[in-house]
Amino acid sequence: MLALLLGRVLLRMPPSAEPLLGPKHQRTMPTRGSDGASIQGTRGQLTTGANEARRVGRALVESIVNDGADTDLAAFQRALSARAEVDAGCAEWTEAAIAEQLGVEVLAQDQAIATVSRVLALPMARLAFDRCRPQAVFAFVGSTGCGKTELGRALRHITLRSQLRTVIRLDMTEYADETARHRLTGSNPGYVGFEDTSTLLTSQIRTHPDAVLILDEFEKAHSNVHALFLQVFDRGALTDGHGRIARFDKSIIVLTSNVGAATAARPPVGFRTGGPNGDDRRATFLEEFARLVPAEFIGRLDEVVVFADLDDDALRSIVEHHLNRWFEQVRPDGWALSATSAVADLVVSQTDRRYGARRVLRLIEQLVIRGLVGRSPGGFDADVIDGVVVWHEVA
């Protein structure tokens, strides 16, 4: 508490504060110090120290506001080091760097990644016009299994700190009734659940202010929940039942939706421009999303990102990516594994296009990994013989 009071006092000191000694005492002070240093130089050092103390006081108060009641010196030092870390990381996240990082996690969605990277480059450089709003608010729309939620999770790597962002995912189908808003901000005083705030969205954001918030199938939530998030997208804040404010100005928010997938999948009547992932398909998703989501939301979104459907080449690259990742994962256990391109082709041929890449991992387990059950670790190469994956031991 003493540090807090000191910070508040220092914040009120004007930059050109005069010495606290009266005129009488100032006239009797010597003009030179015993070591020959001028009193004017000493006053300059005192002024510099006061300015530094004011800066420290401001940082302390800011850390207290952000972190609640944690006012000890360790928390204050963490706040200063975190600020320095943020300043150092601003120059690293260029648009190209963001796209490169996201491309490692999500495959075959180059256009979506380029759009997200372009929007995020501004707040990551701390050049956003309105710093009260979330760093970015996206709507990811497209067919099921095309990578919308996966790209949302990949955003945890785009951070100005050394640790990854926390990912908070809410299935909005669970918020379809009119009382669901209380699960986000808490019950009103006097109602059951008023004291329990640990699981509320506001509590999670206050604990992890730089989180990635994924709102899956947002259009299925109740209109009361839509209205609640409207103020989050607009002013970046949400107040819980206890009057405490959770700020989203460091958060990234992602809405996902499958609306328009059924319409886009219908065979075209006449000519369709731009192929299966062309302009007509994009327009279909945008129209369907705008029809189901309140109009006032559209103006508060930074971008509506339409994801492409996955063709055979995209699915093959995804299968190969997961196979290579699994090979590296089991290598420390003594397995030295490899596979021919025919293995990936077999998995792609068994993939149901209606589910996109959602069932790829399950097919890899069923068609590829299961053949190693009962064998001891060693070197093996996988190939396809008569439509079945066969593992050959490699000397």
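Use the structure listed above.
These figures come from a predicted structure and were not determined experimentally.

**Student:** Let's hear about unusual backbone geometry: which residues, and what values?
**Tutor:** Unlike most non-glycine residues, Ala108 shows phi in positive territory, near 65 degrees. What makes Ala108 partly exposed here is its relative accessible area of 31%. Here Asp386, not a glycine, exhibits a phi torsion of approximately 55 degrees, which is positive. Residue classification places Asp386 among the exposed residues on the basis of a relative accessible area of 78%.

**Student:** I'd like a rundown of the packing of helix H5 (residues 95–105) against helix H6 (residues 110–124), residues and numbers included.
**Tutor:** Interhelical geometry of H5 versus H6 gives an angle of 130 degrees and a closest axis separation of 8 Å. Relative to H6, H5 is oriented oblique. In the crossing of H5 with H6, the sense of the turn from one axis to the other is right-handed. For the pair H5 and H6, the contacting residues are Glu95, Ile98, Ala99, Leu102 and Gly103 in the first and Ile113, Ala114, Val116, Ser117, Arg118, Leu120, Ala121 and Met124 in the second.

**Student:** Tell me about the pattern of salt bridges, and please be specific about residues and values.
**Tutor:** Tallied over the full model, the rule gives 15 salt bridges. Where Arg153 meets Glu150, a salt bridge forms, and the shortest distance between an N and an O atom there is 3.8 Å. Of this pair, Arg153 and Glu150 are both found in helix H7 (residues 148–154), three residues apart, which corresponds to roughly one turn of the helix. Exposure remark for Glu150: the relative accessible area of 38% places this residue in the partly exposed category. Between Glu288 and Arg291 there is a salt bridge, and its shortest N-O distance comes to 2.8 Å.

**Student:** Which residues make up the packing of helix H14 (residues 312–330) against helix H16 (residues 360–367), and what values go with them?
**Tutor:** Remark: H14 packs on H16, axes separated minimally by 10 Å, with the N-to-C direction vectors making an angle of 60 degrees. In this view, H14 runs oblique relative to H16, as classed from their interaxial angle. Crossing geometry of H14 relative to H16 is assigned as right-handed. For the pair H14 and H16, the contacting residues are Leu315, Val319, His322 and Leu323 in the first and Val360, Leu361 and Ile364 in the second.

**Student:** So what's going on with the sheet that holds strand S1 (residues 136–141)? Residues and values would help.
**Tutor:** Spatially, S2-S3-S6-S1-S7 is the arrangement adopted by the five strands of the open sheet, whose pairing is parallel. Every other strand in the sheet has two partners, leaving strand S2 (167–171) and strand S7 (303–306) as the edge strands with one partner each. Going from strand to strand, the sheet's axes swing by 20 degrees on average, the running direction of each strand aside. Where S1 and S7 come together, four bridges link them in parallel fashion. By the bridge assignment for S7, Val141 is matched with Val306. This element, helix H10 (residues 223–235), spans S1, strand S3 (212–216) and strand S6 (252–257) of the sheet and lies at about 135 degrees to S6.

Cut-offs used in this document
- Sequence order as written defines residue numbering, which begins from 1 separately in each chain.
- Where local features are concerned, this predicted model is filtered to residues with pLDDT of at least 70; where side-chain atom pairs are given and counted, the filter is 80 or more; whole-chain, interface and lining totals use all residues.
- Heavy atoms throughout the structure, all of them, feed into the side-chain values; hydrogens and water do not.
- Relative accessibility thresholds used throughout: buried, under 20% of the residue-type maximum; exposed, over 50%; partly exposed, between the two (1.4 Å probe, protein chains only).
- A fitted line through C-alpha atoms represents every axis, and for helices the fit uses only the stretch in contact; the resulting angles, taken between N-to-C directions, go from 0 to 180 degrees.
- Secondary structure is summarised from DSSP: a helix means a run of H or I of at least four residues, a strand means a run of E of at least two, and numbering begins at the N terminus for each.
- The labels follow the angle: roughly parallel below 35 degrees, roughly antiparallel above 145, roughly perpendicular from 65 to 115, and oblique for the rest.
- Left-handed describes a crossing whose near helix is turned anticlockwise from the far helix through less than a right angle; right-handed describes the clockwise counterpart.
- Contacts are residue-level and defined by heavy atoms, with any inter-residue pair within 4.5 Å sufficient.
- Every case where a carboxyl oxygen of Asp or Glu lies within 4 Å of a side-chain nitrogen of Lys or Arg is listed as a salt bridge.
- Pairing between strands is defined by DSSP: at least two bridges between the two strands are required.

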